[in-house]
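Here are the chains, one letter per residue:
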Protein chains: 2
Amino acid sequence: MKTAITPTRSENFSEWYQSLIVASDLAENSPVRGCMTIKPYGWAIWELMREEMDRRIKAAGVQNANFPLLIPIEFFNKEAEHVAGFAKECAVVTHHRLKMIDGQLQPDPDSKLTEPYIIRPTSETIIGDAMSRWVQSHRDLPLKLNQWVNVMRWEMRPRMFLRTSEFNWQEGHNVFATHKEANEDARKMHKIYGEYMREVLAIESIMGEKTEEERFAGADKTYTVEQIMQDGKALQAGTSHDLGQHFAKSFNIKFLGTSGKLETAWTTSWGTSTRMMGSLLMVHSDDDGLILPPMVAPHQIVIIPIVRDDDTLVMNNFSQEIGEKLRAKGIRVLVDTSDMRSADKIWKWIKRGVPLRIEIGAREMLNNNLTITRRDIGRDSKQTISVDELLNSASDLLNTIQKDMLSVVQERNKILITDVADLNKLDKYLTDGKIGFFRVNYEQTLDKKFDDLMEKHKISRRCLDDKDPSYVFVAKSY
Amino acid sequence: MKTAITPTRSENFSEWYQSLIVASDLAENSPVRGCMTIKPYGWAIWELMREEMDRRIKAAGVQNANFPLLIPIEFFNKEAEHVAGFAKECAVVTHHRLKMIDGQLQPDPDSKLTEPYIIRPTSETIIGDAMSRWVQSHRDLPLKLNQWVNVMRWEMRPRMFLRTSEFNWQEGHNVFATHKEANEDARKMHKIYGEYMREVLAIESIMGEKTEEERFAGADKTYTVEQIMQDGKALQAGTSHDLGQHFAKSFNIKFLGTSGKLETAWTTSWGTSTRMMGSLLMVHSDDDGLILPPMVAPHQIVIIPIVRDDDTLVMNNFSQEIGEKLRAKGIRVLVDTSDMRSADKIWKWIKRGVPLRIEIGAREMLNNNLTITRRDIGRDSKQTISVDELLNSASDLLNTIQKDMLSVVQERNKILITDVADLNKLDKYLTDGKIGFFRVNYEQTLDKKFDDLMEKHKISRRCLDDKDPSYVFVAKSY
């Protein structure tokens, strides 16, 4: 059977992913090495994702703010351990002026900065510096800050949405008076991320703590939201760090405690990014294109009037009327009255993953009927119903689609997680091409033999099992 | 009389402005040269401003997208005229890795980029490059794009919100098949900006076209929204450019026309930024702090229970109940139950410009009364009313405040615009210290003598008078 996306997932998952992004018009590679341009349809999805995440972050008592893009290099020098994890591949600003030299614009040698600046790869350092001024007394605590910004980490092997040199994210940075509060906060944000993925993106995640080996540079504890793609590989979709007093000490975040003594604070940081878009694509899409959960679909319903030459106006008007009635119920509806052929319109919106498609033919209009098709199920869900029936059931139907998409992922996850008794068994599974997450005894992975397996199969420890932290999930990853 | 902000506006407007920002906790200078940190209260105002602008931009048929932060230097080389206007003071990225050398992190010499990148000062070039791929046929037109991003122009004399090296803005970039459409679009966005300033920020603007001398580098026509600050100086709050075929030619934006011939497109660009915050501050605030129009006030109403020691709980509960009832009407309400002294709370929220303040004393609570004070009018507006009366009138009262604030600005503008017969008269007015905008015959400003006056009084041409373009408005400016 011909599919809209070639190659298919089973033929070549990685190429399918690239084709999917092109076919659904989400983004494209830019002329800037390793950076992407997010096109309007992709950005519209991201805006919906961001809005809902922002709402949940604010509900957790966090305030948004905005810190500088550039970070003085001295801030990195204060943070040897952090730097070891991050600073290697950063964009460095060394000049502040251009000059025409030999007919070509070049950095003006006279504008060389005494101290170079780094484009933020993450903002613990510059926000830590601000916190050292903003936090003076225990009354200033807790202080909970977040920013939605672009960051940059030079990427040698970029992939759209998954690894790009520049990406958009939210980074939260909270300060507390005690370690207990900080640790609880890191867990709380972790939990909020997990709920968000489930309730908004319709993705069930594997939630757990990173092992010592995989922790964020400078963190006491890192909690991660890991997700299983359709090819069985892992994607880390959001992390929350209990940073202990690491940054508080380096940046001198101190407060006058209730006892009147100066105390060092405790911080956390937590982030999610446009990487979630990559997960959304690789978890839900099929060989015909995107499948969007209704909550993040720019158009939850598309209405396509199947016009012949003579009835275009009346068909379009009829469709617009239904569109208006659905919008009045708070549903995002697109009525596609463009001059493309109907069959092309249908495929366009299949590829772009609109959750519910409505087709209206001339005879249907006369009977006040229309035909609906769910994107997640496809032609098997196709049915003709009355306009009234649609208007009464549309919201419920979208909720059902949202829930069903989650169920599919939950069921698939069960199949894609395998308990493994020992490393020999793990080696065999992987050699045989078994895909997914493998649950292994953590102690066993500290053996040199596991290092060999990591190398051989390109696997890594994803996170400890929350239900029994003596086990760790191991998988290939993005 | 003691004021909350010192110095006062009349003592030293420029220092007053700095003090105002500190007192209202909007922002602070950052450790990065010329860059500011926008604190939570400042950012909350900006989010409201942005949300409403975004809504209007989308209503104009524009789609948001996201383009790279970095621009290849070759794109600037394509654009000699544009560069002359912009590229001089830009942040230049020359390396992509740091290395520890002699115990200090430094740009790794091995990571030097063959072609440096510029942090975008504006994105006509990189968006023009994308448009050359996205626009193929007349069916792809018009294409209307916008992005909300940070940009950077190295500033030697930074001032918070007015001139910072990094700032946040929206930049719109539209493409059309004909010059007529492009010019109409530039005027349309100009009009939308003017309406936004009036309806949302309660600022009446002087709307007009920039003279040839003051036009954006690369524009055929530039339309500007100029505003008059309380010290009579001008602030340019938003510009819209008819770019002709300037960028379309440089970046090869061509389309197959209806006639089947390849044609060159016509583009516009239009932008507003966090600079609007500076205008909001300098137009509306007084010597006691900020005065926010209700539409962009994070808290439209603050409720302050005037507690004594023994009644804190019951007073706070009573206040919270009223707060809930107001929120149910869609009003943004803060009930300040913090443990500050009541008098300190009152001053805190005066300084932060909350439009309506409610104080509730113990006796008032018993009588189901409360005391309201409008921030824009102050103590003369103080009155005790019943809780029911407040609940019934609160939304209307906020609308009235919004309108009254606009009227104040409209009346003040009349006083601050002076018709001037000739340059001698202009010289005399300025020498005598008269403030505001001066309306002068444009032809006269082409005389060498006007150059001397510009130099002497630090004035500039702001825009032609829309009502009679043979006149130009002249003023000192931010």
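Everything discussed here concerns the structure shown above.
Residues take numbers from 1 onward in each chain, read along the sequence in its written order. As they are written, the chains are lettered A onward and the ligands numbered 1 onward, keeping that order. Local features in this predicted model are restricted to residues of pLDDT 70 or higher, and side-chain atom pairs are both shown and tallied only at a pLDDT of 80 or more, whereas totals for entire chains, interfaces and linings draw on every residue. To get the side-chain values, take all heavy atoms of the structure and skip hydrogens and water.

## Thoughts on helix α5 (residues 124-134) of chain A
The criterion, for reference: When accessible area is computed with a 1.4 Å probe and restricted to protein chains, residues below 20% of their type maximum are described as buried, those above 50% as exposed, and intermediate ones as partly exposed. The numbering of helices and of strands both runs from the N terminus, where a helix is a DSSP run of H or I of at least 4 residues and a strand a run of E of at least 2.
Among the 11 residues that make up α5 of chain A, 10 are buried, leaving the element largely enclosed by the rest of the structure. Three or more residues of α5 of chain A are buried, namely E124, T125, I126, I127, G128, D129, A130, M131, S132 and W134 of chain A.

## Quick look at the relation of the copies chain A and chain B
This is how the line gets drawn: Least squares is used to superpose the copies, and the fit set is the C-alpha atoms of residues whose pLDDT is at least 70 in both copies.
Of the transformation placing chain A onto chain B, the axial shift is 0.0 Å and the rotation is 180 degrees, giving an RMSD of 0.0 Å. Taken together, the turn and the small shift mark the pair as related by a two-fold rotation axis. Relative to the rotation axis, the closest C-alpha in chain A is found at V93 of chain A, a distance of 2.1 Å.

## Observations regarding the pattern of salt bridges
As a reminder of what qualifies: We define a salt bridge as a contact between a side-chain nitrogen of Lys or Arg and a carboxyl oxygen of Asp or Glu at a distance within 4 Å.
One pass over the full model with this rule turns up 67 salt bridges over all chains. Each of E52, R55, R56 and E199 of chain A takes part in salt bridges that share partners, so that together they form one network.

## Points about the packing of aromatic side chains
The description of two aromatic rings rests on the distance between their centres and on the angle between their planes. How we decide: Here a pair means two rings of Phe, Tyr or Trp (six-membered ring of Trp) with centres within 6.5 Å. Their orientation is stacked below 30 degrees between planes, edge-to-face above 60, and tilted elsewhere. The criterion for a charge sitting over a ring is simple: Lys NZ or Arg CZ within 6 Å of the ring centre, and within 35 degrees of the ring normal.
Within the structure shown, the criterion is met by 20 aromatic pairs over all chains. For the ring pair F67 of chain B and W134 of chain B, a centre distance of 5.6 Å and an interplane angle of 35 degrees mean the geometry is tilted. Pair noted here: F67 of chain B is in the loop between β3 (63-64) and β4 (70-72) and W134 of chain B is in helix α5 (residues 124-134), with a separation of 67 residues, a long-range link. Grouping residues by exposure puts F67 of chain B and W134 of chain B together as buried. Positioned over the ring face of Y471 of chain A is R439 of chain A, at 4.1 Å from the centre of the ring. Over the ring of Y429 of chain B we find K434 of chain B; its NZ or CZ atom is 5.7 Å from the centre of that ring.

## Focus: unusual backbone geometry
The omega torsion of the bond from T6 of chain A to P7 of chain A falls at -5 degrees, within 30 degrees of zero and hence cis. Mapped onto the fold, P7 of chain A is located in the segment before α1 (13-23). Note that the residue after L141 of chain B, namely P142 of chain B, is joined by a cis bond; omega there is -10 degrees. For D102 of chain A, which is not glycine, the phi dihedral falls at a positive 50 degrees. Counting through the fold element by element, D102 of chain A comes out in the loop between β6 (98-101) and β7 (104-107). Note on D102 of chain A: relative accessible area 75%, which makes it exposed. At N368 of chain A, a position not held by glycine, the phi torsion is positive, near 60 degrees. Along the chain, N368 of chain A falls in the loop between α11 (362-366) and β20 (369-374).

## What to know about the pairing of strand β17 (residues 301-305) of chain B
Residue and element names in this part refer to chain B. Test applied: Two strands are counted as paired when DSSP detects at least two bridges linking them. Handedness is read with the strands pointing away from the viewer; a crossover is right-handed when the path from the first strand over the helix to the second is clockwise.
The buried fraction of β17 is high, at five of five residues. Burial along β17 is two-sided: the face carrying I301, I303 and P305 and the face carrying V302 and I304 are both buried. Relative to strand β18 (residues 333-335), β17 runs parallel, the two sharing three bridges. Following the sheet pairing, I301 is matched in β18 by V333. For the crossover from β17 across helix α9 (residues 312-327) to β18, the handedness is right-handed. In this sheet, strand β19 (residues 356-360) lies alongside β17 in parallel orientation, the contact comprising five bridges. Bridge assignment links I301 to a residue of β19, and that residue is L356.

## Examining the interface of chain A and chain B
Note the cut-off: We call two residues in contact when some of their heavy atoms are within 4.5 Å. Throughout, buried area stands for the accessible area (probe radius 1.4 Å) lost by two parts on being put together, summed over both. Whenever a nitrogen or oxygen atom comes within 3.5 Å of another N or O atom, the pair is scored as a polar contact, on the condition that within protein one atom can donate a hydrogen and the other can accept it, and that pairs from neighbouring residues in sequence are kept only if both atoms are in side chains.
Facing 65 residues of chain A, the contacting portion of chain B comprises 65 residues. Counting each side, the surface lost to burial between chain A and chain B is near 5,200 Å², with a carbon and sulfur contribution of 61%. Joining chain A to chain B, the criterion identifies eight salt bridges. We note a salt bridge from E47 of chain B to K58 of chain A, for which the minimum N-O separation is 2.7 Å. Remark: the boundary between chain A and chain B carries 38 residue pairs in polar contact (both at pLDDT 80 or more). Among the elements that line the side of chain A that touches chain B, the one with the most residues is strand β8 (residues 112-119) of chain A, at five residues. Here strand β5 (residues 92-95) of chain A pairs with strand β5 (residues 92-95) of chain B via three bridges, running antiparallel.

## Remarks on the environment of H241 of chain B
Residues and elements named next belong to chain B. Among the secondary structure elements, H241 is positioned in strand β13 (residues 234-242). When its relative accessible area of 6% is taken as the criterion, H241 is described as buried. For the pair H241 and N183, spaced 58 residues apart in sequence, the C-alpha separation works out to 8.3 Å. Leaving out residues up to four positions away in the same chain, H241 has contacts with A186, F216, A219, K221, T222, T267, T268 and S269. At a separation of 2.9 Å, a polar atom in the side chain of H241 contacts the side chain of T222.

Interpretation in functional terms is not warranted from these geometric data alone.
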